[in-house]
Amino acid sequence: MTHRDSEGRVCSLKFVTLLVAFSPEFLFLGAGLQLRDNGYDGLLVAVNPQVSEDQNLIPNIKEMITEASFYLFNATKRRVFFRNVKILIPATWKASNYSKVKQESYEKANVIVTDWYGAHGDDPYTLQYRGCGKEGKYIHFTSKFLLNDGLTAGYGSRGRVFVHEWAHFRWGVFDEYNNEKPFYINGQSQIEVTRCSSDIAGIFVCEKGPCPQENCIISKIFQEGCMFIYNSTQNATSSIMFMQSLSSVVEFCNASTHNQEAPNMQNQMCSLRSVWDVITDSDDFVNSLPMSGTELPPPPTFSLAQAGDRVVCLVLDVSSKMAEADRLLQLQQAAEFYLMQIVEIHTFVGIASFHSKGEIRAQLHQINNDDDRKLLVSYLPVAVSAEAETSVCSGLKKGFEVVEKLNGKAFGSVMILVTSGDDEHISNCFLTALSSGSTIHTIALGSSTIKNLEELSHLTGGLRFFVPDKSTSNSMIDAFSRISSGTGDIFQQHIQLESTGENVKPQHQLKNTVTVDDSVGNDTTFLVTWQTSGPPEIVLFDPNGRKYNMDDFIINLAFRTARLWIPGTAKPGLWTYTLNNTHHSPQALKVTVTSRASRSAMSPATVEAFVERDSTHFPHPLMIYAIVRKGFYPILNATVTATVEPETADPVMLKLFDDGAGADIIKNDGIYSRYFFSFPVNGRYSLKVHVNHSPSISTLAHSIPGSHAMYAPGYITNGNIQMNAPRKSVGRSEEEQKWGFSRISSGGSFSVLGVPAGPHPDVFPPCKIIDLEAVKEEEEVILSWTAPGEDLDQGQANSYEIRVSKSLQNIQDDFNNAILVNTSKLNPQQAGTKEIFKFSSELFTNGPEYQPDGEAQKSHRIYMAIRAVDRNSLKSAISNIAQASLLILPNSSPVLDRDNLILKGVLTAIGIIGIICLTIVVTHCVLNRKKRAGKKENETKLL
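This structure is a prediction, so every number in the text was calculated from the model and none was measured. (Residues numbered from 1 in each chain as written. Predicted model: local features only at pLDDT ≥ 70, side-chain atom pairs only at ≥ 80, totals over all residues. Heavy atoms only, no water.)

*Asks:* Please explain the sheet that holds strand E12 (residues 202-206) as it appears in this structure.
*Replies:* Backbone-to-backbone hydrogen bonds pair the strands of a sheet. The strands run either parallel or antiparallel. Taken together, 5 strands build an open sheet; the order of strands is E13-E12-E16-E43-E44 and the sheet is mixed. At either end of the open sheet lies a strand with only one pairing partner, and these are strand E13 (209-210) and strand E44 (720-723). (Pairing = 2+ DSSP bridges. Helix = DSSP H or I, 4+ residues; strand = E, 2+ residues; numbered from the N terminus.)

Here is the structure:
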C-alpha cells in the first residue's frame, strides 16, 4: 500500500477528473479514499482471513463508523464526515449477498481488522511512518476490541476511538499523552501532569486511595502504584488526541487550549503546534469550507464485498525488443517460477501475449496440482515476434477476454503486464482498464519502455516494477515473487529468503548460505538460473549435512532453470549452496529461495519495502521504508539493506535504520528508513530490500507499534474512585533466535527526473534533528540527540548551533536571537551516532531573561533547540524543542522513610516553638521599655 504524493499523481488525477466529468459512475473506481463536498468517499475496511466469522462484527463496525461520522463532523466544526464505506469480507467466511470485489484488496485497506497472533493486546492503533501532517499507513482494530463492550469503559465509545485514530491516519497528528513521561515541571516550576488541555482535572491515586502529590512524585520519579485519575465529569472540551473517552471532550486542542510544554509526541513531532493547527493546514481543510446550516449530514452508507475465485492473467510482450538483453529469457524464468511456486493453489490462471496485436495463449485453468502448473508453463512464449511494434491495449484486451469467461466480468481479477516496448497509444485503454474492475501490475523492462506505463498501475491500484538490462539483476523474479493474492493471509503466501546474482568466471564458484528459520520451511524451493546453454554444477547441503546435487533438481534447459523443492518442512538452520561455472566463458548465475510459514500458530518474520512516492524531481530526495515484523510485532536490531538499481548506472546500496532519526521518525517501531538522493541518472529505478537477523536473543518491541488511543485506568465519579479493568498488553517479548533469519522483498520501482548531467551541486543540508532531549544534573544541562549527516542523514555534519531561551515562544519564533551556547569543542560525529553535550546552567540562574516587550519573566525553565551546519554552510531545519527545569525541587531528595518524616516534623515543631518564644521575649522587652518610659514621664510631670 504505497503512498504517493501529488507529484506522482498529477497525470492520474487529471485523467480521472476528465472521466468523472463525462462519466460520474467512474468516480470511485480505482480512486481510493477521497474527500468530495465535505464527505469522505471510498473508505475501505478489510477483515483479515484469520479472523473468525462473528455475526456481530460487521454491525459493530457499521455502528462505530456511523457514530464516528457525527462526532467527527462536530469536532471539525462541520467540515467533514463519512459518506460511504466499503467493508471487505474475507473469502474464508460463508458466502452471502455480498457484491463482488473489484480493485479493492486487504493490502489497500485504510482500516484493517485482525488479531494479534498469540497476543492479548487489544489497543487500537495507527501505523504512522512519516512526519507531522503526513498520512499514515493504516488503522488497526482487533476483533476483540470491536466485540467486547467492556473495553469501552477505558477507551470510550468505539466511534470516539475511531475519530482519534482517524486524525492520526488522515492528518498526521500525534498523541497528546505520554505513558513514559506522565508528568513534567512547567515554566512556573510547578509539577504538571502530561495532558492537553491543562484544564482536565483529576487527583493522584495511590494503591489504597487518594494521596497527596508528594507521595507520588519523589526524586522526579513517578512512584510505582501511583497514577493520576481524571474526573469523569469535566468542563474542558479538548482534546480528542489526549483522552477521547471523556464525555466532555468534543474538540481537538487549538492554539488557545494547546499545552506546548507537555512532553508528548504531538509537541515533539509537530514543533509544538496544536493538533487543530496541523489539521487546518491539511488539503482536506484548505480545499473545503464548513457546511452551512444546522442540519447534520446523512449517516454513512455501507456496502459489503467479498472476494470470489482468484483469477490471474499474464499479459506478456513478445515484440522483437524482448530479444534484447536476454529479456525474453528472464521473463520465461520468472514466469515459470511464478506458475510453479508463487501463485496460490486454486487460483485460475490464463496467459495472453502481444506485439502489434494481442493473442490468447491459454484460457483460464485452475491450479489444483503440479500437473496444472506444468500445463500452464507449457503455454509460455518460447520465441519473439519479428515485429518491433507493441500495442499494450491489444494485449490487455485479450487479457480481459480471458478473465471475463469465468464470471462474465473482470471484477477482482489481476493482470500482470510485462513489456519492453513503446506505445504512444497506451492512453486509449486507460478508460477500459479503470472500468474493468481488474488490478494491473506493470513490469517495465529496459530503458525504452513506455514512459506512462505506470499510469495503468496508478489507475487500478496495482504495483509497479522495473527490470534493468543487467545480467546479474534478479529484479524480474523479485517482481513476480512480490505479487501476491492481496488477501492478507500471510500463512498462504510465499516468503522470499534469498535473491542474489553474480557474474562468475569459468571454473569459479558462487558460494553462499541462506538461513531457513523455524517459522518457515513448508514448500521451500531453491531456484538456480543461468545465461548460457550449459547449467552450472550445483551442490546444496542442508543443516544436517545432507547433500543435494544436480540429479535432485528439476532442470529446464530451454528456460535455463534448475529447481529443487524440499518435501515436508525444510530443516531449520544454514543451508549452503555452491554453483560452479563449468562453462568456458563467464556467465551470470542467480539464486532465489522461497518458503512458506511452517505452522499457523507462529507467524513468520516478514518485510514490506516501499518508497514514499513513485516519482521525484531532483533535488527532492525520496524516503525508502522497510517494515520488518513478526505478525504485528516490530523486530528490532535487524540489518536492513536497500539495493537501488537505476536504468544504466551501477546499483546503490543503502543501509536502513530504525533509530528515530533522519527519515526514521519513531525509534524501535520496526520501520527501517533512510533518505535516498544519490541519483546517478534520470529514469526508472528498481528497489529491493534484504533483511538479516543474526542468531541471538531477539527482542520484539511492545505490541503497539504505532500511535494509539489512550486507555483510562479509571475515573473519579462523585468523589469515588472507579478503576477499569487493567489494560491487557503483552509488553516486551524475548525469544531465542537459534538460527536468525533472512528475508528479501521487492519495493517496486520509482522514477527520477531533472538529474544534472555533470557533478551534482551541494543542495542537501543536514537533516532535521527530531530526538533532542535535555536532562538537568546538578549545575549542568545534558543534551542528547542522534547526529545528522553532511547531506541529510548521510556523512558527517560540520558544526552544531545550539540556542537556549527561558521563553518557549522566543525559541520557537525567533531562534536566531536566542542565547547561543558555545559549541566550539563539539565536533559532529558520523550520522546515526548518539551525541551528548553538556553546558553550565549558571548563565540562566543568575537573573531573569528579558523579553522583547521589556518585561522580565521569572522562570526556572529553559528551552533548547539545535541545528546542524554542513561544510557549505547549508543549515538543517531547527530541531524539536527540548526543555529542562533549573529548579531543585524540595521533594527531590530520596524517598523519606517514617523516621525521617517524624524527625522532619519534630524539627519543624521545634522551629515553630522557638519562633513563638522569641516573639514572646521581644514583646515582653518592648512592653517593659514602654512601661519604664511611661513611669519616667510621670516623674517629670510631678517635678
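*Asks:* Explain the state of the cysteines here, please?
*Replies:* What makes a disulfide is a covalent bond joining the sulfur atoms belonging to two cysteines. Going through the model one piece at a time under the given rule, you end up with 3 disulfides. Note that Cys132 is cross-linked by a disulfide to Cys270, the S-S spacing being 2.1 Å. With the S-S dihedral at roughly 105°, the linkage between Cys132 and Cys270 falls on the right-handed side. In this pair, Cys132 sits in the loop between strand E8 (125-127) and strand E9 (138-141) while Cys270 sits in the loop between helix H8 (265-269) and helix H9 (275-280), placing the two residues 138 residues apart along the sequence. What makes Cys132 partly exposed here is its relative accessible area of 24%. A sulfur-sulfur distance of 2.3 Å marks the disulfide that ties Cys393 to Cys429. Between Cys393 and Cys429 the sulfur-sulfur dihedral comes to about -75°; the bridge is accordingly left-handed. Note that Cys393 is positioned in helix H13 (residues 392-407) and Cys429 in the loop between strand E21 (414-419) and helix H14 (430-436), a separation of 36 residues in sequence. The pair Cys393 / Cys429 is uniform in exposure class, with both members buried. (Disulfide = S-S within 2.5 Å. Buried < 20%, exposed > 50% of the residue type's maximum accessible area, 1.4 Å probe, protein only.)

*Asks:* Which parts of the structure should I look at to understand the sheet that holds strand E23 (residues 464-467)?
*Replies:* As summarised here, the arrangement of the 6 strands in space is E20-E19-E18-E21-E22-E23, forming an open sheet in which the pairing is mixed. Looking along the sheet, the strands with just one partner apiece sit at the ends: strand E20 (358-366) and E23. Sheet twist, expressed as the average angle between the axes of neighbouring strands with direction ignored, equals 15°. Relative to strand E19 (residues 348-354), strand E18 (residues 311-317) is paired through 7 bridges, and the arrangement is parallel. Note that in E19 the partner of Val312 across the bridge is Val349. Strand contacts of helix H12 (residues 370-377): E19 and E20, with the helix running at about 180° to E20, the strand carrying the most contacts. (Axes fitted to C-alpha atoms, helices over the stretch in contact; angles between N-to-C directions. Contact = heavy atoms within 4.5 Å.)

*Asks:* I keep staring at the pairing of strand E32 (residues 587-597) and nothing clicks. Help me out?
*Replies:* Across a regular strand the side chains alternate sides, sitting on one face of the sheet and then on the other. Counted residue by residue, E32 has 11 buried out of 11 residues, so it is predominantly covered. Sheet analysis places strand E26 (residues 520-529) next to E32, joined by 7 bridges and oriented antiparallel. Of the residues in E32, the one forming a bridge with Phe526 is Val593.

*Asks:* Please explain unusual backbone geometry as it appears in this structure.
*Replies:* Across residues other than glycine, the phi torsion is negative in most instances, and most of the peptide bonds are trans. Residue Ser239 is reached from Ser238 by a cis peptide bond, and omega for that bond is 25°. With respect to the helices and strands, the residue Ser239 is situated in the loop between strand E16 (227-231) and helix H7 (240-243). Cis rather than trans, the peptide bond between Phe618 and Pro619 has omega equal to 10°. Position of Pro619 among the secondary structure elements: in the loop between strand E34 (615-617) and strand E35 (622-630). The phi dihedral of Asp37 falls on the positive side, at around 50°, and the residue is not glycine. Tracing the chain through its elements places Asp37 in the loop between strand E1 (34-36) and strand E2 (39-41). Since its relative accessible area comes to 57%, Asp37 is described here as exposed. In this structure, Ser873 is a non-glycine residue whose phi angle is positive, near 65°.

*Asks:* What is the right way to read the packing of helix H11 (residues 327-342) against H12 from this model?
*Replies:* Any two packed helices are characterised by the angle at which their axes cross and by the distance between the axes. It is the contact of H11 with H12, at a shortest axis distance of 9 Å, that shows an interaxial angle of 165°. In terms of orientation, H11 lies roughly antiparallel with respect to H12. Between H11 and H12 lies a crossing whose hand is right-handed. Contacts between H11 and H12 involve Glu336, Tyr338, Leu339, Met340 and Gln341 from the first element and Asp370, Arg373, Lys374, Leu376 and Val377 from the second. Tallied by class, the residues present in the contact of H11 with H12 amount to 5 nonpolar, 1 polar and 4 charged. (Parallel < 35°, antiparallel > 145°, perpendicular 65-115°, else oblique. Left-handed = near helix turned anticlockwise from the far one by under 90°. Nonpolar A, V, L, I, M, F, W, Y, C, P; charged D, E, K, R; others polar.)

*Asks:* Any chance you could explain the nonpolar core here in plain terms?
*Replies:* For soluble globular proteins, the rule of thumb is that nonpolar side chains tend to be buried together. Counting 70 residues, the largest nonpolar core has Phe162, Trp166, Trp171 and Phe252 as its most contacted members. The dominant element in this core, judged by the number of residues it contributes, is helix H2 (residues 57-75), at 9 residues. Residue contacts for Phe252: discarding those within four places in its chain leaves Ala75, Thr76, Val163, Ala167, Trp171, Ser238, Ser239, Ile240, Met241, Val275, Trp276 and Ile279. If you look at the next biggest cluster of nonpolar residues, it comprises 52 residues, including Ala605, Tyr675, Tyr685 and Val755. (Core = buried A, V, L, I, M, F, W, Y, C linked by side-chain atoms within 4.5 Å.)

*Asks:* What exactly am I supposed to notice about helix H16 (residues 475-482) here?
*Replies:* It helps to recall that an α-helix has 3.6 residues per turn; residues three or four apart then point in one direction. Among the 8 residues in H16, 8 count as buried, and that is most of the element. Within H16, the full set of buried residues consists of Ser475, Met476, Ile477, Asp478, Ala479, Phe480, Ser481 and Arg482.

*Asks:* I tried to follow the packing of H2 against helix H5 (residues 158-171) on my own but got confused; where do I start?
*Replies:* One can describe the packing of H2 onto H5 by two numbers: an axis separation of 8 Å at closest approach and a directional angle of 70°. For the element pair H2 / H5, the angle class is roughly perpendicular. Considering the relative orientation of H2 and H5, their crossing is right-handed. Contacts between H2 and H5 involve Asn60, Met64, Ile65, Glu67, Ala68, Tyr71 and Leu72 from the former and Arg158, Gly159, Arg160, Phe162, Val163, Trp166 and Trp171 from the latter. In terms of residue class, the contact of H2 with H5 is made up of 9 nonpolar, 2 polar and 3 charged.

*Asks:* Looking at this structure, how should I read the pattern of salt bridges?
*Replies:* Any two side chains of opposite charge can pair, so long as their charged atoms come close to each other. Counted according to the given criterion, the structure contains 28 salt bridges. Put simply, Glu608 and Lys137 hold a salt bridge, and the shortest N to O gap is 3.3 Å. Highlighted residues: Glu608 in strand E33 (residues 605-611) and Lys137 in the loop between E8 and E9, separated in sequence by 471 residues. Look at Lys137 and you get buried, because its relative accessible area is 2%. A salt bridge links Glu192 to Arg195; the shortest N-O distance between them is 3.0 Å. Each member of the pair, Glu192 as well as Arg195, carries the same accessibility label: buried. Salt bridges here are not isolated pairs; linked through shared partners, they connect Arg36, Asp37, Asp41 and Arg83. (Salt bridge = Lys/Arg side-chain N within 4 Å of Asp/Glu carboxyl O.)

*Asks:* What is the right way to read the pairing of E33 from this model?
*Replies:* Within E33, 7 of the 7 residues are buried, which leaves it mostly tucked inside the rest of the structure. Here E33 shows two buried faces, one formed by Ala605, Val607, Ala609 and Val611 and the other by Thr606, Glu608 and Phe610. Two elements, E33 and E35, share 7 bridges in a ladder whose sense is antiparallel. Following the sheet pairing, Phe610 is matched in E35 by Tyr625.

*Asks:* Any chance you could explain the packing of aromatic side chains here in plain terms?
*Replies:* Here the distance between the centres and the angle between the planes together describe a pair of aromatic rings. Overall, the coordinates contain 34 aromatic pairs when judged by the stated rule. Centre to centre, the rings of Phe82 and Trp166 are 4.9 Å apart; their planes meet at 90°, and the pair counts as edge-to-face. Of the two residues, Phe82 sits in strand E4 (residues 81-82) while Trp166 sits in helix H5, which places them 84 residues apart along the sequence. No difference in accessibility class separates Phe82 from Trp166, as the two residues are buried. Relative to Phe750, the ring of Phe676 lies with its centre 6.1 Å away and its plane at 70°, an arrangement referred to as edge-to-face. Residue Phe676 is found in strand E39 (residues 671-676), and its partner Phe750 is found in strand E46 (residues 741-753); the two are separated by 74 residues along the sequence. Considered together, Phe676 and Phe750 belong to a single accessibility category, that of buried residues. The rings of Tyr40, Phe82, Phe141, Phe145, Tyr155, Phe162, Trp166, Phe169 and Tyr711 are connected pair by pair, giving a single aromatic cluster. Its guanidinium or amino end placed over the ring of Trp276, Lys77 lies 5.3 Å from that ring's centre, counting from NZ or CZ. Here Lys137 stacks its cationic end above the ring of Phe610, 4.1 Å away from the centre of that ring. (Phe/Tyr/Trp six-rings, centres within 6.5 Å; stacked < 30°, edge-to-face > 60°. Lys NZ or Arg CZ within 6 Å of the ring centre and 35° of its normal.)

*Asks:* Please explain a negative patch on the surface as it appears in this structure.
*Replies:* A contiguous patch of negative charge, built from Glu777, Glu778, Glu779, Glu780 and Glu842, is present on the exposed surface. Here Glu779 is to be found in the loop between strand E47 (773-777) and strand E48 (780-786). (Patch = residues over 30% accessible without salt bridge, like charges linked within 9 Å, V, L, I, M, F, W, Y side chains within 5 Å. Areas by Shrake-Rupley, 256 points an atom, 1.4 Å probe, with all protein chains shown as cover. Lys, Arg positive; Asp, Glu negative; His and termini not counted. Charge placed at Lys NZ, Arg CZ, Asp CG, Glu CD.)

*Asks:* Would you mind going over the environment of Ala774 with me for this structure?
*Replies:* Examined against the element boundaries, Ala774 turns out to sit in strand E47. Here the alpha-carbon distance between Ala774 and Ala882, two residues 108 residues apart in the chain, equals 5.8 Å. Discounting residues that sit within four places of it in the chain, Ala774 has contacts with Val781, Ile782, Leu783, Met864, Ala882, Gln883 and Ala884.

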